[in-house]
Amino acid sequence: FEEYIVSVDHWVAFVLLGFIGGKMIYDRNRENKVSFSWKTMIVLSFATSIDAFLVGVSFACLEKTSILLECVVIGITTFLISCGGCCCGINSIIS
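One structure accompanies this document, and this report is about it. (Residues numbered from 1 in each chain as written. Predicted model: local features only at pLDDT ≥ 70, side-chain atom pairs only at ≥ 80, totals over all residues. Heavy atoms only, no water.)

Here we take up the overall build of the protein. Of regular secondary structure, the protein possesses 3 helices and 0 strands. In sequence order, the secondary structure elements of the protein are arranged as α-α-α. Each of the three principal axes of the protein carries a C-alpha extent, and together these read 50 × 35 × 25 Å. Classification of the 95 residues of the protein by burial places 1% in the buried group. When the accessible area of the protein is evaluated, it comes to approximately 8800 Å², of which 74% is carbon and sulfur surface. For the protein, the distance from the average site of its 6 positive side-chain charges to the average site of its 8 negative ones is 19 Å. (Helix = DSSP H or I, 4+ residues; strand = E, 2+ residues; numbered from the N terminus. Buried < 20%, exposed > 50% of the residue type's maximum accessible area, 1.4 Å probe, protein only. Areas by Shrake-Rupley, 256 points an atom, 1.4 Å probe, with all protein chains shown as cover. Lys, Arg positive; Asp, Glu negative; His and termini not counted. Charge placed at Lys NZ, Arg CZ, Asp CG, Glu CD.)

Below, the structure written as structure tokens:
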């Protein structure tokens, strides 16, 4: 059973993430209303906490790796992508 799952797991992840991304694009083009209510923020913060917890657990399961180096790489990458998103957002507001 494990061999079957391992052979298709990356495709399942690809399809799911593609569907979620496509739905986000579809919803964004359908309506211009953006909701930042406190309920939405609570749900998003909870989901982010679960994601961070699972990443931490997976790092703890790795044996031959430097967690410090990986955290630095993840931090720098997140910072650069966030800066790019902010620049794109500012440019879209200005124009």
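It is worth spelling out the environment of Phe19 at this point. Tracing the chain through its elements places Phe19 in helix H1 (residues 2-30). On the accessibility criterion, Phe19 (57% relative accessible area) is exposed.

One pass over the full model with this rule turns up 1 aromatic pair. A centroid spacing of 6.0 Å and a plane angle of 90° characterise the contact between Trp11 and Phe14, whose relative ring orientation is edge-to-face. Of this pair, Trp11 and Phe14 both sit in helix H1, 3 residues apart, which is roughly one turn of the helix. Both residues of the pair, Trp11 and Phe14, count as exposed. (Phe/Tyr/Trp six-rings, centres within 6.5 Å; stacked < 30°, edge-to-face > 60°.)

Further remarks concern a nonpolar patch on the surface. Together, Phe46, Ile50, Phe53, Leu54 and Val57 line one region of the surface with nonpolar side chains, adding up to about 510 Å² of accessible area. Here Leu54 is to be found in helix H2 (residues 38-61). (Patch = residues over 30% accessible without salt bridge, like charges linked within 9 Å, V, L, I, M, F, W, Y side chains within 5 Å. Salt bridge = Lys/Arg side-chain N within 4 Å of Asp/Glu carboxyl O.)

The next point concerns the environment of Tyr4. Tracing the backbone through its elements, the reader meets Tyr4 in helix H1. Note on Tyr4: relative accessible area 56%, which makes it exposed. Here the alpha-carbon distance between Tyr4 and Ile42, two residues 38 residues apart in the chain, equals 37 Å.

Note that every value here comes from positions in space, so none of it alone points to a role or purpose.
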